[in-house]
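In case you want the letters, here they are:
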Amino acid sequence: MESALTDQAFFALQPELTAWSQQWLQQLDQRPVARPDEPMPPLRDLPGHGLGLEAVWQSFCRDLAPGFNASPGPRYLGFVTGGVTPAALAGDWLTAVIDQNVASAGNSIATGVELQVLDWLRQLLELPGGLIGSLTTGATAANLLGMVCARQYAGWRQGRDIARDGIGSAAIKVFSGTPHASSLKVVGLVGLGREQIAAVPCLPGSEAMDVAALAAMLEASPEPGKIVIASAGTVTGTDFDDLNAIAALCRQHQAWLHVDGAFGLFSRLDPQRRDWSAGIEFADSITCDGHKWLNVPYDCGIFFTRHADLLQQCCSVSAPYLETHDLLPALMDRGIEQSRRFRALPLWFSLLAYGREGMRRIVEDNCRQAAALAEWLEASPDYALLKAPRLNVVVFRPRQEASADVLARLNAAGEVFMTPGQWQGQQGIRAAFSNWRTGDGDVERVCRALAAAVRGNAS
Ligand SMILES: Cc1ncc(COP(=O)(O)O)c(C=O)c1O
């Protein structure tokens, strides 16, 4: 039976929504971590007349709920997948309830909250003042904004306003050592050609750029527009480029320095690791992620630049209906979307609830867990570490079998989920710890699952 569009239907469902949510969170620990076998919901034509919210709820519980993975749970170690803190969850729930469009400041406090949260993030990461930015859908979108600004700068050096007039004959070269896949994507998206990135050799046994090689390449490059993409934490080796040295080279060659620190920048919360990203203060643009180590829900990325003028040139377009005279800047002039979600609210809740110390503890715990897994792997006759972990990522391989076979068995068993990795040409398995829920007991369960995944050991 079709239901009317009334708030009452939502209020009536609320006890069931709450009970289901509680059960989901309480059972995250016991659910199979990955659900690879149920990729599509049962096919159904779009109904002409709606089923009504209660019937849709029944369909969700029956048809969809069994197919979700436990990626916010403690043993989903694939990619770099953060969880959701309780405070962030409260903020996210309210984000949908109050449904603010963070486009222009308008007559809502939402823009002010995002500006405040960006400043808290700047403080948390100990970044310099004078940065402006916006919250994005993720690190890929933040990298895209970085490349858009970098391209604008490179054009400006050649007397061209690329946002207005297009790339035309502007000559622009991108240099990078170990760019994340998303950087390849965005270099393609901005029309600079991902196959055109100049691959800077890395230091032996590391994914960090050989600065002397970069210096020689910049020196030899005839293009007046130069962009360097550096890493503050590569996705496999968690290696850090020498940002101080690279920034000095960029200054010398008037190159734009973009730093991708999607998860690695949170190493700055740990006094032992803070110096790895020294020099970040000289970056022209910076990427970081909220939905990874900061444990706010998808989707949330963070973009900073110290070139407010260039960002606005690229993102600001005028139309009579957009003209406002607000006291605060319009965030649509600092990002990709015109209209978007109020994604600052989960951050506001979480940063305020747990503070710097709470965030530091998550980083510290996850690094300790990565080290504990590495220690077990080293002692195991079945596995070999491919690289000693420096942060939250462990890369290893089975000694006797192909990584892909062991990984398939491991993930199918449902106790843990990991993804493939490659270290210096060797195929392996990669585990990334970035969830506040992961406890030291989970590492023991992961080790038992790994032991069982080796041929002959499965029970
Ligand atoms: C270093 C780095 N940059 C960028 C990304 C892309 O992030 P997102 O998936 O949030 O777009 C990732 C994802 O793992 C990453 O590790």
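Residues numbered from 1 in each chain as written. Predicted model: local features only at pLDDT ≥ 70, side-chain atom pairs only at ≥ 80, totals over all residues. Heavy atoms only, no water.

A.B. asks: Can you walk me through the pairing of strand β11 (residues 426-432) in this structure?
C.D. replies: Of all 7 residues that make up β11, 5 are buried, and the element is covered over most of its length. Relative to β11, strand β9 (residues 393-398) runs antiparallel, the two being bridged by 4 bridges. The residue bridging V395 from the neighbouring strand is R430, located in β11. Across 5 bridges, the pairing between strand β10 (residues 419-423) and β11 is antiparallel. Opposite Q422, over in β11, you have Q427 as the bridge partner. With antiparallel pairing between neighbouring strands as the criterion, β10 and β11 make up a hairpin whose turn holds 2 residues, including Q424 at a positive phi of roughly 50 degrees. (Buried < 20%, exposed > 50% of the residue type's maximum accessible area, 1.4 Å probe, protein only. Helix = DSSP H or I, 4+ residues; strand = E, 2+ residues; numbered from the N terminus. Pairing = 2+ DSSP bridges.)

A.B. asks: Just checking my understanding: could you explain the sheet that holds β10 for this structure?
C.D. replies: In a beta sheet, neighbouring strands pair by backbone hydrogen bonds and run either parallel or antiparallel. Taken in spatial order, the 4 strands make up an open sheet running β8-β9-β11-β10, and their pairing is antiparallel. Looking along the sheet, the strands with just one partner apiece sit at the ends: β8 (383-387) and β10. Pairwise comparison of adjacent strand axes, ignoring direction, gives a mean angle of 45 degrees for this sheet. Against the sheet, helix α11 (residues 344-379) engages β8, β9 and β11, with an angle of about 20 degrees to β9. (Axes fitted to C-alpha atoms, helices over the stretch in contact; angles between N-to-C directions. Contact = heavy atoms within 4.5 Å.)

A.B. asks: Before we go on, may I ask you to explain the packing of aromatic side chains in this structure?
C.D. replies: Applying the stated rule across the entire model yields 15 aromatic pairs. Seen from their ring centres, Y153 and W256 are 5.5 Å apart, and the 55 degrees between their planes marks the pair as tilted. Residue Y153 is located in helix α5 (residues 139-156), and its partner W256 is located in strand β5 (residues 256-260); the two are separated by 103 residues in the primary sequence. Look at Y153 and you get buried, because its relative accessible area is 15%. Taking relative accessible area as the criterion, W256 reaches 0% and is therefore assigned buried. Between W348 and F349, the ring centres sit 5.7 Å apart and the planes meet at 70 degrees, which makes this aromatic pair edge-to-face. Assessed through its relative accessible area of 28%, W348 is described here as partly exposed. (Phe/Tyr/Trp six-rings, centres within 6.5 Å; stacked < 30°, edge-to-face > 60°.)

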